[in-house]
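Per-entry structural report
For reference, the chains in residue letters:
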Amino acid sequence: MSKSIHTITSTAVPLREENVDTDQIIPARFLKATSREGFGENLFRDWRYNSDSSPKKDFVLNNPIYKGSILIGGKNFGCGSSREHAAWAIKDAGFDVVVSSFFGDIFKNNALNNFLLPIAVSEDFLQTLFTAIQKDPATELTIALPAQTITLNNTGEKETFEINHYKKTCLLNGYDDIDYLLSIRSEIEKFEQTHS
């Protein structure tokens, strides 16, 4: 699993649902495992599959024309309970970025801690993305984390997005919190020596 994120150019999967909560992302009955692997197969389980485990043909993740490492969701994505497994499931399913016009705060932090980039865009730009992808599923987006921009490649339309500076540094370098502390070890040691 790749950790660092710099620039991603990819097609996208449009999930045009609002208020997608974490129980829809990964139902509670799948939370028994403690490792992060294997959750992707149950991402949106109750929306993706019938009771006999056959795929629901009308659900977007089962439609082969939509693919890519970018998931686009409706407003208020990741609301509900605080389960970190929701970010695990999206990442394990092959997504590196989730785009919405608003995220649940806990989901957003869990995503950033698991090398999944949540990008909040304006409602107008979100609808522009949905329309473009529905018209042409081969439409590509470019996410440039250093510049904090998301671009609709076929028209050049773009927006900037906000991200915490510390989390941006971690994503660019593939650092978790421990890796970050190790990366500034010499600075910490120098501080300790001068303030002992």
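Preceding this paragraph is the structure being described.
For the structure given in this document, a descriptive report is provided here. Predicted, not measured: the structure shown is a model, and the values here were computed from it.

What counts and how
Note that residues are indexed from 1 along each chain, following the sequence as it is written. Where totals are concerned, whole chains, interfaces and linings use all residues; where local detail is concerned, this predicted model gives features only for residues with pLDDT of at least 70, and gives and counts side-chain atom pairs only at 80 or more. Calculated side-chain values reflect all of the structure's heavy atoms, with hydrogen atoms and water omitted. Three exposure classes are used, based on accessible area relative to the maximum for each residue type with a 1.4 Å probe and protein chains only: buried under 20%, partly exposed in between, and exposed over 50%. A helix here means a DSSP run of H or I that spans at least four residues, while a strand means a run of E at least two residues long, and both kinds are numbered starting from the N terminus. Two residues qualify as a contact provided that any one of their heavy atoms is within 4.5 Å of a heavy atom in the partner residue. Whenever a nitrogen or oxygen atom comes within 3.5 Å of another N or O atom, the pair is scored as a polar contact, on the condition that within protein one atom can donate a hydrogen and the other can accept it, and that pairs from neighbouring residues in sequence are kept only if both atoms are in side chains. Put simply, a nonpolar core is a bunch of buried Ala, Val, Leu, Ile, Met, Phe, Trp, Tyr and Cys residues held in one set by side-chain atoms that sit within 4.5 Å of each other. Like charges within 9 Å and nonpolar side chains (Val, Leu, Ile, Met, Phe, Trp, Tyr) within 5 Å are joined into patches, using only residues over 30% in relative accessible area that form no salt bridge. Per-residue and other accessible areas were derived by the Shrake-Rupley procedure at a 1.4 Å probe size, with only the shown protein chains allowed to occlude residues. Within this document, salt bridges are pairs made up of a side-chain nitrogen of Lys or Arg and a carboxyl oxygen of Asp or Glu, the two lying within 4 Å of each other. In this charge count, Lys and Arg are treated as positive and Asp and Glu as negative; neither His nor the chain ends contribute. We put the charge of a Lys on NZ, of an Arg on CZ, of an Asp on CG and of a Glu on CD. Pairing between strands is defined by DSSP: at least two bridges between them are needed. Axes, fitted as lines to C-alpha atoms, cover a helix only where it is in contact. Angles between the N-to-C directions of the axes lie from 0 to 180 degrees.

**Description of helix α3 (residues 85-92)**
Of all the 8 residues making up α3, 7 are buried; the element is thus mostly covered by neighbouring parts of the structure. When α3 is considered as a whole, its buried residues turn out to be H85, A86, A87, W88, A89, I90 and K91. In this structure, the buried residues of α3 make contact with α1 (22-25), β3 (70-73), β4 (97-100) and α4 (105-113). Following α3 by one or two positions, G94 adopts a phi angle in the positive range, close to 105°.

**Comments concerning α4**
Residues of α4 that are buried include every one of F107, N110, A111 and L112, and no others. Looking at the buried positions of α4, the neighbouring elements they touch are α1, α3, β5 (117-120) and α6 (165-173). One or two residues past the end of α4 sits F115, with phi positive at roughly 60°.

**Brief notes about the side chain of N110**
Relative to the assigned elements, N110 resides in helix α4. Among the polar contacts made by the side chain of N110, one reaches the main-chain carbonyl oxygen of S82 at a distance of 3.1 Å. Discounting residues that sit within four places of it in the chain, N110 has contacts with S82, R83, E84 and A87.

**Brief notes about the nonpolar core**
Among the nonpolar cores identified, the biggest contains 51 residues, and I72, F77, I90, V99 and L117 are the most heavily contacted of them. Excluding anything up to four places from it in sequence, V99 contacts I70, L71, I72, G73, I119, V121, L126, L129 and I150.

**Some remarks on a negative patch on the surface**
A contiguous patch of negative charge on the surface is contributed by E17, E18, E123 and D124. Inspection of the secondary structure puts E17 in the loop between β2 (12-15) and α1.

**Section: the sheet that holds strand β8 (residues 157-160)**
The strands making up a sheet associate through backbone hydrogen bonding, with each pair oriented either parallel or antiparallel. Strand order across the open sheet formed by 4 strands is β1-β6-β7-β8, with antiparallel pairing between neighbours. This sheet does not close on itself; its edge strands, each paired only once, are β1 (7-10) and β8. When strand polarity is set aside, the average angle formed by the axes of neighbouring strands in this sheet is 10°. Bridge count between strand β7 (residues 149-152) and β8: 4 bridges; the pairing is antiparallel. Counted as the bridge partner of L152 is E157 from β8. Contacts from helix α5 (residues 123-135) reach β6 (141-144), β7 and β8 within the one sheet, and its direction differs from that of β7 by about 40°.

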